[in-house]
There are 2 protein chains.
Amino acid sequence: MKSWRDNVRRVVPYVPGEQPNDPDMIKLNTNENPYPPSPKVEEAIRNLDCDAFRLYPDPTAHKLVSAIADYHDLKESQVFVGVGSDDVLAMAFMTFFNGDRPILFPDITYSFYDVWADLLRIPYVKVPLNQELEISCADYKQENGGVIFPNPNAPTGTALTLEEIRFILEHNRETTVIVDEAYVDFGADTALPLLKEYDNLLVVRTFSKSRSMAGMRIGYACGSEEMIRCLNDVKYSFNSYTMDMTVLEAGAASIADEDYFQETICKVQETRQWTQEQLRRLGFTLKDSSANFVFASHGECPARELFEALRQNHIYVRYFDKPRIDNYLRITIGTQKEMEKLVDFLETYLKKRKER
Amino acid sequence: MKSWRDNVRRVVPYVPGEQPNDPDMIKLNTNENPYPPSPKVEEAIRNLDCDAFRLYPDPTAHKLVSAIADYHDLKESQVFVGVGSDDVLAMAFMTFFNGDRPILFPDITYSFYDVWADLLRIPYVKVPLNQELEISCADYKQENGGVIFPNPNAPTGTALTLEEIRFILEHNRETTVIVDEAYVDFGADTALPLLKEYDNLLVVRTFSKSRSMAGMRIGYACGSEEMIRCLNDVKYSFNSYTMDMTVLEAGAASIADEDYFQETICKVQETRQWTQEQLRRLGFTLKDSSANFVFASHGECPARELFEALRQNHIYVRYFDKPRIDNYLRITIGTQKEMEKLVDFLETYLKKRKER
C-alpha cells in the first residue's frame, strides 16, 4: 500500500554531541571558548530596539557582512553569512558539490562532512590521514568533484601550512576547494590571502569558537565574488531571511572589539601551552595543537577508561569510538583553573592506577 | 575545459521583496504587524545572560518547543522549530516531497513554493485557483507526490473552512499534506484539530505576522510524532543548532503573553474591517480577508497606476506583475492611522483622476 512515508528522505539521524546539564561540571567536550564574548556584544544586545522586531531583518545582513568584509579587507560581495558555519557549509555543499564525481575529505575530520554528503546524495571518498594522523597534500591530487578539509583539522588539531594549502589548490583548479577555518584563529595560517589567486577557493569561518559566540549562531564564508553570488542564489532560494536582528548587531559588535578578541585568543593559547606540557609530563602523547583543543593519547591508560573516569568526576571531554582514534581524547582548552583541575585529577588517577 | 562552475547548482535567483528604507514611509508591502511584540519579549532580551553566548544553545530548542506544545495542547514530540517558517517549509520540502510524482499547490499562492521545488528538483503542478481566485478543493483529488497550500491563501487572503481542508486530507491519505498557516491567527480556522485524525498532515506557523516578530526568525511545524521525527532527522543532518539563545527566550516570552497577543489581533481585525469598508466605498472590489492584508482591485483605475502613485507618496503596497492578479494590490493592514492616510490619499487621487 502506498504511504506518505514512501516519499520521505531517509537519513541516518545525526546525533548532536552530548550537551550535559551538570551544574558542577567542567565542560571540555564541545570546543566552546571558556571566556565570554566581548562586553560590546552585551552592550549591543542591551541597546536593541525590540519594537523593531515586528519588521523583517535586512536579508542582505549588510551590517554584519560589511563588518566582516572590512575586517578581512575584502569586498562585501566576497562575504556570505549564515546561521553558524554549519549553515554556511550546508549551503556550500548544496551549491558547489553538485557534480557526479566524488568529493574528497579526510577520513578523520569534522563529523558533519559525510552527513551532508549523505543527505544531499553527493558521492564522496574519505582520504585517509597519514600515519601521523595528518593531512597528506599529495593525496588530494586525484580526480574529484570538490575538496573540503578543516585547517586546523579536527579532532586532531594539527594544521597545514599556507604552502601546503596552495599545493592542494594548484592541483585542484577545476573544482571547488573549501577550507573550513573554524579553529584557525587559535594559531594556524589562514587561506584568505590565497583568495586573490584562486577563484575556486571558499574559506569558511565561525563566531562560535574564537569569538565566544556559539550561542548566537554566526558563520561566514569568504570567496570570489562569483562564488559568493552562486551561494547567495541558492541561499535566497532556500531561506532569504536567516540572520535575525539580534545576531546582526551582536556579530558586528564582536568584530568591532579587536583588542578583546586578541586578548582572549592569547589566554587560550597560553593555557594550551601549559596543558600540553602537563599532559606530556603525565605520559600523554600529543602533537602541538593549532586549535582550542588538544588531541591526546596516553601510553598506558586507554582513552575510554580515562573518558569514563573524568566523566564520573564531572569533567567532560570528547571520546570518539572510531577506528584509528579510539585511543585518543579530545580535550577543549578551558580556563587555566579548569585545566589545572583536569591535570590534578589525571595526575592522581594515573598515580593510583599505577599503584594498583 | 572543465571548471568548478560545472558543479554549481544553478537556480533562478529569487529576489526578496522590496524592503524600502524611507524614513517617512507607510510600509504596507510585506505583511508585517504594525504593533511591536509583547513587552515580555523585550524583558526577555534585557534579561539575557550574554556571557552564556559562549556556549552552544540547546539543539532541541526545548524551552521554545515546550512553550509551543503547551500552547496548542500537543506533545513536545509533535513540534518542530526553525529559522522562520521559510526554514521550516524548506526542511519540510526536503523531507516529505522526495518522490517522483509532482506535488500540487495553487497557481496563485506564496511565491516560494515553486522556488523550493526548483531548487530541490521536485516536480510540481500548479493547480489554478477558480474564477473567484479561491482554492477549489476538488482539484486536489488528482495523483500527487504531496500537497501544500496556505490557509488563508496569499496574496488573496481568503480561507478554506475546516471541512474543506478535511476534504483535501480525505482524498490525500498517501502523501504529505502541508497547511501553511502563516496568517491563520488573523481569522481563519486552523487545521490543528485534524492532527488527531491524519498522521500525514503538517501544519506550519510563524511568529513573523501575528506575533510581530519577523525580525527574530521563528517558525514552527506541528504534526504527528512520526512526521516530526522525520523532519528532525533531516534538520539534524543539515544544521543541528539553528535557534540562537536570544530567539529561544524571546519566542517563549511571546507565547507567555496571551492577552497581548489577542489584543493585537483584535486591533488588526478592527482596522481591517474599517479598511475593507472604506476601500469598497472608493470603488474597490475585494473579498473579506482572513489575513492581515487585503487584496483589492479597482473598477476604474489600474492597480499598477495606483501602486506607482502610492509609492511616490511614500506609501508602499505590493503589486504582482503576474497573470490573473496584475490588476490587484495587496495592502497590509497597518495601524488605524496609517490606513486612514492610505484611504485619504486614495480618495483624493481617485477624485482628481475622475475630474481629469
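Each remark here, short or long, concerns the structure printed above.
So, here's what we can say about the structure. Residues take numbers from 1 onward in each chain, read along the sequence in its written order. For naming, the first written chain is A and the first written ligand is 1, with later ones following in the order written. Two thresholds apply to this predicted model, a pLDDT of at least 70 for residue-level local features and 80 or more for giving and counting side-chain atom pairs, whereas whole-chain, interface and lining totals are computed over all residues. In computing side-chain values, all of the structure's heavy atoms are included and hydrogens and water are not.

**Re the packing of helix α9 (residues 303-312) of chain A against helix α10 (residues 336-355) of chain A**
Helix packing for two helices is described by the angle between their axes and how far apart those axes are. All names here are of chain A. Defined as follows: Interaxial angles span 0 to 180 degrees and are taken between N-to-C directions of axes, which are lines fitted to C-alpha atoms, for helices over the stretch in contact. Think of it this way: any DSSP run of H or I at least four residues long counts as a helix, any run of E at least two long counts as a strand, and we number them from the N terminus. Note that the term roughly parallel is reserved for angles under 35 degrees, roughly antiparallel for angles over 145, roughly perpendicular for angles of 65 to 115, and oblique for everything else. In this scheme the handedness of a crossing depends on how the near helix is turned from the far one: anticlockwise by less than a right angle means left-handed, clockwise means right-handed. In what follows, a contact means two residues having at least one pair of non-hydrogen atoms within 4.5 Å. Residue polarity follows a fixed list, in which Ala, Val, Leu, Ile, Met, Phe, Trp, Tyr, Cys and Pro are nonpolar, Asp, Glu, Lys and Arg are charged, and the others, Gly among them, are polar.
At a minimum axis separation of 11 Å, α9 and α10 run at an interaxial angle of 120°. Regarding the angle of α9 to α10, the classification is oblique. Note that α9 runs across α10; the crossing there is right-handed. Counting all contacts with α9, which are made through E305, L306, A309 and L310, the residues of α10 involved are L342, F345, L346, Y349, L350 and R353. In terms of residue class, the contact of α9 with α10 is made up of 8 nonpolar, no polar and 2 charged.

**Some points on the packing of helix α8 (residues 258-281) of chain B against helix α10 (residues 336-355) of chain B**
All names here are of chain B. At a minimum axis separation of 10 Å, α8 and α10 run at an interaxial angle of 5°. Classed by the angle they form, the pair α8 and α10 counts as roughly parallel. For the pair α8 and α10, contact is made by T271, W274, T275, Q278, L279 and R281 and by Q336, M339, E340, V343, L346 and E347, respectively.

**Re helix α5 (residues 162-170) of chain B**
Here is the rule: Any residue under 20% of the maximum accessible area for its type is buried, any over 50% is exposed, and the rest in between are partly exposed; the area is computed with a 1.4 Å probe on protein chains only. To obtain the arc, one takes the directions from the helix axis to the C-beta atoms.
Buried within α5 of chain B are the following residues: I165, I168 and L169 of chain B. Each buried residue of α5 of chain B sits inside an arc of 100° when the element is viewed along its axis, so together they form one side.

**Some details on the packing of aromatic side chains**
The geometry of an aromatic ring pair comes down to the distance between the two centres and the angle between the two planes. Which entries qualify depends on this criterion: Within 6.5 Å between ring centres, the rings of Phe, Tyr and Trp (the latter by its six-membered ring) count as paired, and their orientation is classed by plane angle as stacked under 30 degrees, edge-to-face over 60, tilted in between. Throughout this description, the term charge over a ring refers to an Arg CZ or Lys NZ atom that lies within 6 Å of the ring centre and within 35 degrees of the ring normal.
Applying the stated criterion to the full structure yields 37 aromatic pairs over all chains. Where F112 of chain B meets W116 of chain B, the ring centres are 4.7 Å apart and the plane angle is 45°; that geometry is what we call tilted. Residues F112 of chain B and W116 of chain B agree in their burial class; the two are buried. Taken together, F93, F97, F105, Y110, F112, Y113, W116 and Y124 of chain A form an aromatic cluster joined through their ring pairs. The aromatic ring of F207 of chain B is capped on one face by R211 of chain B, whose charged end is 5.5 Å from the ring centroid. It is R211 of chain B that lies over the ring of F261 of chain B; its NZ or CZ is 4.0 Å from the centre.

**Examining the interface of chain A and chain B**
Just so we agree on the cut-off: What gets called buried area is simply the loss in accessible area from a 1.4 Å probe that two parts show on being joined, summed for both. Put simply, a salt bridge is a Lys or Arg side-chain nitrogen that is within 4 Å of an Asp or Glu carboxyl oxygen. In protein, a polar contact requires one atom able to donate a hydrogen and another able to accept it; more generally it is a pair of N or O atoms within 3.5 Å, and residues adjacent in sequence count only if both atoms are side-chain atoms.
At the junction of the two partners, chain A supplies 87 residues and chain B supplies 87 residues. Taken together, the two surfaces of chain A and chain B that pack against each other cover about 7400 Å², and 56% of this comes from carbon and sulfur. Its largest share of buried area at the contact with chain B, chain A owes to W4, R54 and Y56 of chain A, together 12% of the area lost on that side. On the surface where chain A and chain B come into contact, there are 6 salt bridges. The tally of links from chain A across to chain B stands at 49 residue pairs in polar contact (both at pLDDT 80 or more). Looking at the side of chain A that touches chain B, the elements that each hand over two or more residues are α1 (39-46), α3 (84-96), α4 (113-119), α6 (225-236) and α7 (245-256) of chain A. If you tally residues by element for the side of chain A that touches chain B, the top one is α3 of chain A, at 7 residues.

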